[in-house]
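Observations on chain architecture
Letter by letter, the chains look like this.
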Amino acid sequence: MKAKKGPIGYMVVKIDLEKAYDCLNWNFIHDTLVEARLPENLIDLIVQCYSSAEIKVLGNGIPSFSFSPSRGVQQGDPISPYLFVLCIERFIIVGEEQMINGSASGTFDLQLDKVDDDWARELPNLDYAIISGGHWFFRVMYLHEGDNLVGCVYCGQPNVTSYNSDFPLRKAFRTAFNYINNGCKECGKLVTVLRTFAPAHFENGAWNTGGYCNRTGPASESEVDPGMFEWQVRNAQMEEFERARKEGMEKGQSFEVLDVTVAMMMRPDGHPGDHWGNKWMRGYNDCTHWCLPGPVDLWSELLLAILNKRTNLSPPRGNIKS
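Here the structure is a predicted model, which means the values were calculated and not measured.

**Regarding the sheet that holds strand β3 (residues 93-100)**
Judged by pairing direction, the sheet is mixed, and its four strands sit side by side in the order β3-β4-β6-β7 without closing on themselves. Looking at strand neighbours, the two that pair on one side only are β3 and β7 (148-153), the edges of this open sheet. For this sheet, the mean angle separating the axes of adjacent strands, direction not counted, is 25°. Its contacts with the sheet place helix α5 (residues 166-183) against β3, β4 (103-115), β6 (141-145) and β7, and it is angled at close to 50° to β4.

Dropping the structure here:
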């Protein structure tokens, strides 16, 4: 780079975007492990693993004194991906898995009218809260409001009202948004971002009946079915979002939307499908998680555009490497 003559020169800024693993609050990790019903001695061992980290900073090649972080898990640590998945797969409302003889059952009790305490506790510490969710509602669930059982999803029990997954999802988002607008007294600076539903692309069966997603290229616009149930889920999210945004404007709250549903309907190539010989998926394909480059990069670009708008930043020029 050539130096510019005069009192004003050039400045080169190296941007290192903060990685998701670095954001995990240690108290939140601990609460998640407790809620997952792990044995106490195992929880203590896991906590010791991530809380014993020490950091040194190199200044001109000289290491500083050691200091301890207060959040985050280490990249490359074999246990870090599991901790990350456990933390992001928390319901925004109160949800507890039913246990049978000490083992997880895969069936959940959801309290539709109460936010998760650990989730709510973190909100005042945030500038931006990205709320997403959807696939966790596609499982056997018993739905409660107050002390009443109001229905279920996939339970198939007589005398219990059966709902599709969009019903508890709508209720969960309404409860979460209502808490932000009316229940959180210290959330005045918070910007709430809704990331809309990103559909799975199982073909020739569901996730547990042999479905797969082995496409290697994007779908054409004509292949996107506007009648997909995933679009109904997205619409439920957006209706609750617009309700919350309208109320929030009167209370000084800020809401933004990261609407990825249509774009992701056209990207069946963004999933890993059959990976590692299905060793870890126990015979199931993974068409839900967006792990491959492309779609998730788009999410980052769209989120960056929202942040630029909120902070009045100019769009970055040139390449930014993270």
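**A word on the state of the cysteines**
Such a bond, covalent and formed between the sulfur atoms of two cysteines, is termed a disulfide. Throughout the structure, instances matching the rule amount to three disulfides. Paired by a disulfide, Cys-152 and Cys-155 hold their sulfur atoms 1.9 Å apart. Its S-S torsion of about -55° marks the bond between Cys-152 and Cys-155 as left-handed, since a negative value means left-handed. Residue Cys-152 is classed as buried on the basis of its relative accessible area of 0%. With its sulfur 2.2 Å from that of its partner, Cys-213 forms a disulfide with Cys-287. Given an S-S torsion of about -100°, the disulfide between Cys-213 and Cys-287 has left-handed geometry. Of this pair, Cys-213 sits in the loop between β8 (191-195) and α6 (229-251) while Cys-287 sits in the loop between α7 (261-265) and α8 (295-311), and the two are 74 residues apart along the sequence. With respect to burial, Cys-213 and Cys-287 carry one shared label: buried.

**Considering the side chain of Asp-269**
If you trace the backbone, Asp-269 turns up in the loop between α7 and α8. On the basis of relative accessible area, Asp-269 is assigned to the buried category, the value being 13%. Polar contacts involving the side chain of Asp-269 include one to the side chain of Arg-267, which spans 2.8 Å. Excluding residues that lie within four positions of it along the chain, Asp-269 makes contacts with Arg-215, Thr-216, Gly-217, Pro-218 and Leu-292.

**A few points about unusual backbone geometry**
The phi torsion of most residues other than glycine is negative, and most of the peptide bonds are trans. Look at Asn-159: it is not a glycine, yet its phi comes out positive at around 65°. With respect to the element layout, Asn-159 can be found in the loop between β7 and α5. Under the relative-accessibility criterion, Asn-159 is labelled exposed at 86%. Phi is positive for Asn-204, close to 60°, though the residue is something other than glycine. Among the secondary structure elements, Asn-204 is positioned in the loop between β8 and α6.

**Some details on a nonpolar patch on the surface**
On the surface, Ile-55, Val-57, Phe-65 and Phe-67 cluster together to form a nonpolar patch covering roughly 380 Å² of accessible area. Residue position: Val-57 is located in the loop between α2 (40-51) and β1 (58-59).

**Quick notes on the sheet that holds β8**
As summarised here, the arrangement of the three strands in space is β5-β8-β9, forming an open sheet in which the pairing is parallel. Every interior strand has two partners, whereas the edge strands, β5 (128-131) and β9 (254-258), have only one. Pairs of neighbouring strands in the sheet enclose a mean axial angle of 20°, with direction left out of account. The pairing of β5 with β8 spans four bridges and is parallel. Bridging from a neighbouring strand, Ile-130 pairs with Val-193 of β8. Where α8 meets the sheet, it contacts β5, β8 and β9, and its direction lies at approximately 155° from that of β9.

**Some thoughts on the side chain of His-271**
Mapped onto the elements, His-271 comes out in the loop between α7 and α8. At a separation of 2.8 Å, a polar atom in the side chain of His-271 contacts the side chain of His-201. A polar atom in the side chain of His-271 sits 3.0 Å from the backbone oxygen of Cys-287.

**Some remarks on the confidence of the model for the protein chain**
Averaged over every residue, the pLDDT of the protein chain is 79; residues scoring 70 or more account for 80%. Considering only residues more than four positions removed or in separate chains, one finds that residues 314-322, a stretch of pLDDT under 50, has eight contacts.

**Considering the pattern of salt bridges**
A complete count under the given rule lists 13 salt bridges for this structure. Here Arg-215 ties to Glu-203 by a salt bridge, and the two come within 2.8 Å at their closest N and O atoms. Of the two residues, Arg-215 sits in the loop between β8 and α6 while Glu-203 sits in the loop between β8 and α6, which places them 12 residues apart along the sequence. The exposure class of Arg-215 is partly exposed, given its relative accessible area of 33%. With a closest N to O distance of 3.3 Å, Arg-243 and Glu-240 form a salt bridge.

Calculation rules
- Residues numbered from 1 in each chain as written.
- Predicted model: local features only at pLDDT ≥ 70, side-chain atom pairs only at ≥ 80, totals over all residues.
- Heavy atoms only, no water.
- Pairing = 2+ DSSP bridges.
- Helix = DSSP H or I, 4+ residues; strand = E, 2+ residues; numbered from the N terminus.
- Axes fitted to C-alpha atoms, helices over the stretch in contact; angles between N-to-C directions.
- Contact = heavy atoms within 4.5 Å.
- Disulfide = S-S within 2.5 Å.
- Buried < 20%, exposed > 50% of the residue type's maximum accessible area, 1.4 Å probe, protein only.
- Polar contact = N/O pair within 3.5 Å; in protein donor to acceptor, adjacent residues only side chain to side chain.
- Patch = residues over 30% accessible without salt bridge, like charges linked within 9 Å, V, L, I, M, F, W, Y side chains within 5 Å.
- Areas by Shrake-Rupley, 256 points an atom, 1.4 Å probe, with all protein chains shown as cover.
- Salt bridge = Lys/Arg side-chain N within 4 Å of Asp/Glu carboxyl O.
- pLDDT = per-residue confidence, 0-100.

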